[in-house]
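The primary structure of each chain is shown beneath.
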Amino acid sequence: MMTNLQDYNPSGVGEINGNIFGLPFNYESANLIVFGVPWEVTVSYGAGTANGPQKILDASTQLDLFDFDHPDGWKQGIFMVEIPQEILENNNYYRNLAAKIIERLEQGKPLTDTPDLTPILTEINQAGQQVNQWLFEQCQEAINHGKRVAVVGGDHSSPLGYYQALATKYSNFGILHIDAHADLRNAYEGFEFSHASIMFNAMKLPQVSKLVQVGLRDICHDEVQMIDHSHRRIIAYYDPMIKRKLYSGKTWMELCREIIGHLPEYVHISFDVDGLDPKLCPNTGTPVPGGLELEQTFCLFRELVNSGRKIIGFDVCEVGDAEWDGNVGARIVYKLANLMDLSQQRPTA
């Protein structure tokens, strides 16, 4: 792949060259490495997010590269590693097995009924652990080579191995979490690595000193209790409360600065697209009415950068299997890539 930037025209036609945004970089020349994780074994409502990484890649060449926050951001070098087909094939196999477990539970019957499904549950949990371990090794290798890393899911269970890799480099970092759901369930439906358990699992990492969740609006009693008893390690900005403050005259900019004030110097951004208004990504796995506008989230991330905090990584998850969803997902990836690069250039607060 051509890496001589003098020969590259960022205003030209997006080249379909196998790389995200059609950019002329490879693993060696890029500063940001993007890993696609086509995994959605435990989704309990709509399927299709396993194809999210491919949809984002396909749509990405349609984007114009001028970014208002960082016009030359593309020059940092962005490279998306080939999406592992073996993981996608395993996903399809285990997804069918998981559906049997979910169906049994929805019927109110124990997994130990005939036929006993507990061995299948064990097998699925082991498969999830293997994906986590693969991603951990890939991310750690990239980080050790001085690369920045981003992950594109798949469902929201996808980035756990990435968080574990970040935890080997950073002794104290926060997660800014955009989502309709808190994802704080303990092994939801018996799946240790459920999409609904990603932040519960992230909280097992002592290096994650703060979790700030924005846009929550579909949440269970146990999750609210966990938030309320977290000694402010978890801060929740529920969507109805956000709206009420905005309706009462508080500005979004004021709210952004308040939200960011809870975060430490180093921040990972975890963006589940169902945190947005469903019109933006209607084919996400578990859409919920309400939510944020895309520019609202970008404003929040921009203020994070302006505060002097460093974005150390990001993941974008739950993009559905549709062209429009891929288009929106690609724009989120590009914006976060550019803001992360910008944050690394700013002096620390």
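Everything in this summary refers to the structure shown in the same document.

Basis of the calculations
Residues numbered from 1 in each chain as written. Predicted model: local features only at pLDDT ≥ 70, side-chain atom pairs only at ≥ 80, totals over all residues. Heavy atoms only, no water. Helix = DSSP H or I, 4+ residues; strand = E, 2+ residues; numbered from the N terminus. Polar contact = N/O pair within 3.5 Å; in protein donor to acceptor, adjacent residues only side chain to side chain. Contact = heavy atoms within 4.5 Å. Buried < 20%, exposed > 50% of the residue type's maximum accessible area, 1.4 Å probe, protein only. Pairing = 2+ DSSP bridges. Right-handed = clockwise from strand over helix to strand, strands pointing away. Arc of directions from axis to C-beta. Phe/Tyr/Trp six-rings, centres within 6.5 Å; stacked < 30°, edge-to-face > 60°. Axes fitted to C-alpha atoms, helices over the stretch in contact; angles between N-to-C directions.

1. Topic: the side chain of Asp69
1) Next: Here Asp69 is to be found in the loop between α1 (52-60) and β2 (78-80).
2) Next: In this structure the side chain of Asp69 is engaged in a polar contact, spanning 2.5 Å, whose partner is the side chain of Lys335.
3) Next: Excluding anything up to four places from it in sequence, Asp69 contacts Arg302, Lys335, Leu339 and Leu342.

2. Focus on the pairing of strand β8 (residues 310-317)
1) Next: Counting buried positions over the eight residues of β8 gives eight, a clear majority of the element.
2) Next: Bridge analysis of strand β3 (residues 148-153) against β8 gives three bridges, and the strand direction is parallel. Opposite Ala150, over in β8, you have Phe314 as the bridge partner.
3) Next: Here strand β7 (residues 266-272) pairs with β8 via seven bridges, running parallel. Considered in β8, the bridge of Phe271 is made with Val316.

3. Overview of the pairing of strand β1 (residues 32-37)
1) Next: Of all six residues making up β1, six are buried, and the element is well covered by its neighbours.
2) Next: The two faces of β1 match: Leu32, Val34 and Gly36 on one face and Ile33, Phe35 and Val37 on the other face are all buried.
3) Next: Pairing of β1 with β2 involves three bridges; the strand directions are parallel. Along β2, the bridge assignment pairs Val34 with Met80.
4) Next: Taken together, β1, α1 and β2 constitute a β-α-β crossover, and its handedness is right-handed.

4. Let's talk about helix α7 (residues 239-247)
Owing to its 3.6 residues per turn, the α-helix brings residues three or four apart onto one side.
1) Next: If you check which residues of α7 are buried, you get Asp239, Ile242 and Lys243. Buried residues along α7 cover an arc of 95° about the axis, so they all sit on one side.
2) Next: Looking at the buried side of α7, the elements it contacts are β5 (208-216), β6 (234-238) and α8 (252-260).
3) Next: Where α7 ends, the next residue or the one after it, Gly249, has phi of about 110°, a positive value.

5. Let's talk about the packing of aromatic side chains
The geometry of an aromatic ring pair is captured by the separation of the ring centres together with the interplanar angle, meaning the angle of the planes.
1) Next: On inspection of all chains with the given rule, the structure shows eight aromatic pairs.
2) Next: Ring geometry for Tyr8 against Trp74: centres 5.1 Å apart, planes inclined by 55°, an arrangement best described as tilted. On the criterion of sequence distance, the pair formed by Tyr8 in the segment before β1 and Trp74 in the loop between α1 and β2 is long-range, its members being 66 residues apart.
3) Next: Judged by its relative accessible area of 4%, Trp74 falls in the buried class.
4) Next: On the numbers, 4.9 Å between centres and 80° between planes, the contact of Tyr93 with Tyr94 is edge-to-face.

6. Brief notes about unusual backbone geometry
1) Next: Cis geometry marks the peptide bond from Thr114 to Pro115, where omega comes out at -5°.
2) Next: Looking at the secondary structure, you find Pro115 in the loop between α2 (85-106) and α3 (118-144).
3) Next: A positive phi angle, close to 50°, is found at Ala187, a residue other than glycine.
4) Next: Within the fold, Ala187 resides in the loop between β4 (173-178) and α5 (198-202).

7. Points about the sheet that holds β8
1) Next: Pairing within the open sheet is parallel, and its eight strands lie in the order β2-β1-β3-β8-β7-β4-β5-β6. The strands lining the two open edges of the sheet, one partner per strand, are β2 and β6. Between one strand axis and the next, the sheet turns by 20° as a mean value, whatever way the strands run.
2) Next: Each of β5 and β6 is contacted by helix α6 (residues 221-228), which is oriented at about 125° to β6, the strand it contacts most.

8. Regarding α8
1) Next: Those residues of α8 that sit buried are Trp252, Leu255, Cys256, Ile259 and Ile260. Seen end-on, α8 carries its buried residues on one side only, within an arc spanning 130°.
2) Next: Where α8 is buried, its residues meet β4, β5, β6, α7 and α9 (294-306).

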